[in-house]
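Next come the chains, spelled out residue by residue.
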Amino acid sequence: MSDMIQVCHAGGNSEKEGKPVLAGCLPAFLRWRNLCCALALGLLLGAAGCRQQGEYFGKVDPPSENVLRFNNGTEPEYIDPGLMTGQPDGRIAALLFEGLTNNDPRTLQARPGVAERWEVSPDQITYTFYLRRNAVWSDGRPVTAQDFVYSWTRVLDPKTASRYASQLYHIANAEEFNQGRLPDPAQLGLRALDDHTLEVRLRHPVPFFLYLTSFFTLYPVPRRAVEEHGAHWTDPARIVGNGPFLLVEHRTHDRFEFRRNPRYWNAAKVRLERIIAYSIDDNYTSANLYESGRVDWLPGSLPAEYVPPMRGRFRDFRSDPFLAVYYYLFNVTRPPLDNPLVRRALSMALDRRAITDELLRGGQIPGAHFVPIGFPDYHSPPGPEYNPEEAARLLAQAGYPDGAGFPRLEILFNTLESHRKVAETIQQMWAKTLHIQVALRNEEWASYLKSRNNLEYDIARAGWIGDYPDPSSFTDLMESTNGNNNTGWKNLAYDRLLDVARREADPLRRMGLLQQSEALLLQDLPVLPLYTYASNALIKPYVRGIYATSQDLHPLNEVCIDRRWRERPGEEDGACD
Amino acid sequence: MTKFILRRLAVSIPVIFLVATTTFFIMRLAPGGPFQSERAIPEEIRANLEAKFGLDQPLWVQYGRYLRNLLRFDLGPSYKYPERTVNQIIAEGFPVSLQLGLAALAFALLVGIPGGVLAAVKHGGVLDRLTMSVILVGISVPTFVLGPLLVFVFALTLYWFPPALWGAPEQLVLPAITLGLPYSVFIARLTRAEMLEVLSQDYIRTARAKGVGEFRILWRHALNGALLPVVSFLGPAVADLVTGSIVVEKIFAIPGLGRYFVESAFSRDYTTVLGTVLFYAVLLILANLVVDVAYRFLDPRIEY
């Protein structure tokens, strides 16, 4: 894009002066260089020396107002909760809207939101929600049961083309309606019994349904505004919400500004006057802003190499595992990966602890199981852990003793430095333990997704963040009809187990069935799980009410700024007044 | 002159049409599409999504519709940010890029021209060598090194300026210097070279012989001639500064237009790619036209 090179030539007409510019200034440059270098170096060293001696990273001066400033990461694609899919989008929506339930900030347990109470039928199929009468939209209209019927039907309407419509598939007939097999929305398991009573009929018991009703896809949207302004109803001047905050300003790739919504039913509990959410996608810039005291909270957006030295060094650094798994996919339609022995050998040849504790050092938890660590009622069956001798034996048994005759496979990953590092380490481990060679292939995001979906790869990187705190958010992925399976693996016994689990109303027996299904997955190994993710965050000590949660989800309704934090350090919550 | 401007504008219409056409078709050669996501979506939904944006139509129909909308200056909705139109994105991002570009240009001129003149006047002296040494450093340090270095020293150590963000005047300083420094270096070199040549011309000697003061000679007689190449450099430089600031925008979290050139290509945001490329093309054409007109004022000998 830059035409710098032409400019360089144009400016280099030094023959006019009789001698080349470079030769003319070189001796002087050399003499000056020493001085300049010494000066610059001194400045840098001095600067480095006097920085970061405290127990916190950068400045810790609370803002003068009751305002929370955080970096939300990349620019959200949508503000419309029915259409959004991303985590940054979700953080914005959670400030502007509220579902039937909301989440306890510590445990993420469902608490009453727009619904003040609910009843569940004994077969766990029918939910009746009783909406509170003081829940209103920001334009003053009450939030009604009809609003939910409208909003959910809108998400499921094929014409809306919402990418997250499947979040509502647990509702009776929803999948059929969304995929055009059932044209009449009246047949959906949704009914407004009156203005303040909503009845939802599910297609099977869903133990986490009350969590789903707090998820952004199930937020209500203001019918009038949507119908009046179409795609642009979310402009700050037009948007109508029912959440704890109101959108004041939105500057693309810059910031969202919110102020407290006085009409929110629980406004008395909301302690922040304002929130500024920056959309800064560069992690270094984001860390600089935190360091200079202009941002109070960085959920995530930290450069990977900052994490190891920060761990245990700064008190405002937090690292917590969350429900997400980093894994590789095997294309089981291609030999030799169609052989389970080969897949098992490849898995057992990997020292996952070396990858997480020596290479990444970001708090990740190594593991050969597919469902990540962090579900209180669920424990994964053991996976094929590191065992180099057994790995070599299995590979020999599969017909490749000492790697002889093993074809050269390829690891596909989307372009990112940390993915490359992991792939290189795995490449070396396989070469060392199994004496096989694999090549690396990186593609930028869109091309990588296409290759993955079309099974145009041997081994591919993948990652998955759980949508709801239930192991089925992970086990469902590998069902043969699931669009994210992406391996060519089809196992009818696995599908059957998941299906039985879905119909099971007893929570304990259900977890047992999910465990069985994961055991089957780890037996067959169409995937190569590597580790459970960790979320790394920086949070100023004066911010109270943001807790470590398994979903990396942080409701901000009750967050506050504690100006007297020095008198009570180390407390996450507590009064701010 | 008017005839010249009109002729140039007329010629630029097929150029813009060519740019639009080439970009439209080249973009479609890239694998994947705007609605590809890691999470698989049912085929029906993808089909509906594509239908919503007209991507289910044959390519030539899409192309025809794009051109028709282009005649009404309607660049369509962004595929990546469907709640916003490309017109909105440009309207929001361009003033930011323009401010940043102009600030950088002002810095480049304020530093570059006096630097170049000084070096030429003190030709061979310490000042000349000092300026040329600084220039050498300035050329060698790329933006992605200079930016973080300035942030480190002035924002995170001395706390004089904010490390990033946009809106307040003090937030303009570091990015403008980062973006402007390489340009100031070129301007200084250009000015110095031209100045040296002009100062050896006969008319300068005549002026000196007539007893004109040294300052007046530099200011009135020499600089005018020496600035011609600088002016011709300014045309592409302005367009480049205004739209080519992606690295600086990223380092300083500036919500300008530069980022869209790269990011929209990666996310296959076809309409945004087209919109920004076309906008850039128009900007370049206009910048070059302005330079040619300015040339004429600076040097009446130039004919069209």
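That block above? That's the structure.
Residues numbered from 1 in each chain as written. Chains lettered and ligands numbered in written order. Predicted model: local features only at pLDDT ≥ 70, side-chain atom pairs only at ≥ 80, totals over all residues. Heavy atoms only, no water.

(A) Spotlight on the overall build of chain B. For chain B, the count of helices and strands is 13 helices and 0 strands. Seen in sequence order, chain B has helices and strands lined up from the N terminus as α-α-α-α-α-α-α-α-α-α-α-α-α. On the principal axes, the C-alpha backbone points of chain B span a range of 85 × 55 × 30 Å. Sequence-distant contacts in chain B: of pairs separated by 6 or more residues, those separated by 24 or more amount to 72%. Summed over all atoms, the accessible surface of chain B reaches about 13,800 Å², with 69% contributed by carbon and sulfur. Side-chain charges in chain B split into 26 positive and 21 negative, and the spacing between the mean points of these groups amounts to 7 Å. (Helix = DSSP H or I, 4+ residues; strand = E, 2+ residues; numbered from the N terminus. Contact = heavy atoms within 4.5 Å. Areas by Shrake-Rupley, 256 points an atom, 1.4 Å probe, with all protein chains shown as cover. Lys, Arg positive; Asp, Glu negative; His and termini not counted. Charge placed at Lys NZ, Arg CZ, Asp CG, Glu CD.)

(B) Geometry of the overall build of chain A. When its secondary structure is counted, chain A shows 17 helices and 19 strands. Across the 577 residues of chain A, 58% fall into the buried class. Once local pairs closer than 6 in sequence are excluded, the contacts in chain A between residues at least 24 apart make up 69%. Taken as a whole, chain A presents about 23,600 Å² of accessible surface, with 51% of it coming from carbon and sulfur. (Buried < 20%, exposed > 50% of the residue type's maximum accessible area, 1.4 Å probe, protein only.)

(C) Layout of the interface of chain A and chain B. Taken together, the contact between chain A and chain B spans 75 residues of the former and 70 residues of the latter. Summing both partners gives a buried area of about 6,600 Å² for chain A against chain B, and 59% of it is carried by carbon and sulfur. Among the ionic pairs, Glu75 of chain A bridges to Arg84 of chain B, the shortest N-O distance being 2.9 Å. Where chain A packs against chain B, one counts 20 residue pairs in polar contact (both at pLDDT 80 or more). Among the elements that make up the side of chain A that touches chain B, the one with the highest residue count is helix H2 (residues 21-50) of chain A (11 residues). Classifying every residue of the side of chain A that touches chain B by side-chain character gives 30 nonpolar, 21 polar and 24 charged. (Buried area = accessible area lost by both parts, 1.4 Å probe. Salt bridge = Lys/Arg side-chain N within 4 Å of Asp/Glu carboxyl O. Polar contact = N/O pair within 3.5 Å; in protein donor to acceptor, adjacent residues only side chain to side chain. Nonpolar A, V, L, I, M, F, W, Y, C, P; charged D, E, K, R; others polar.)

(D) Summary view of a nonpolar patch on the surface. On the surface, a nonpolar cluster with roughly 320 Å² of combined accessible area is contributed by Leu6, Leu9, Val282 and Leu286 of chain B. Here Val282 of chain B is to be found in helix H13 (residues 270-298). (Patch = residues over 30% accessible without salt bridge, like charges linked within 9 Å, V, L, I, M, F, W, Y side chains within 5 Å.)

(E) Highlighting helix H11 (residues 352-360) of chain A. Residues and elements named next belong to chain A. For H11, the set of buried residues is Arg352, Ala354, Ile355, Thr356 and Leu360. Buried positions along H11 lie against helix H9 (307-310), helix H10 (340-348), strand S13 (365-366), helix H13 (417-434) and strand S17 (527-539). Of the residues trailing H11, Arg361 is marked for its positive phi of about 50°.

(F) Just the sheet that holds strand S5 (residues 126-131) of chain A, in detail. All names here are of chain A. Across the sheet, which stays open at both edges, the 4 strands sit in the order S4-S5-S7-S6 with antiparallel pairing between neighbours. Each of the sheet's edge strands pairs with one partner strand only, and the pair in question is strand S4 (115-120) and strand S6 (190-194). Strand after strand, the sheet turns through a mean of 20° between neighbouring axes, direction not considered. Here 4 bridges tie S6 to strand S7 (residues 197-201), and the two strands are oriented antiparallel to one another. Note that in S7 the partner of Arg191 across the bridge is Glu199. Helix H4 (residues 145-156) contacts S5, S6 and S7 of the sheet and is inclined by roughly 165° relative to S6. (Pairing = 2+ DSSP bridges. Axes fitted to C-alpha atoms, helices over the stretch in contact; angles between N-to-C directions.)

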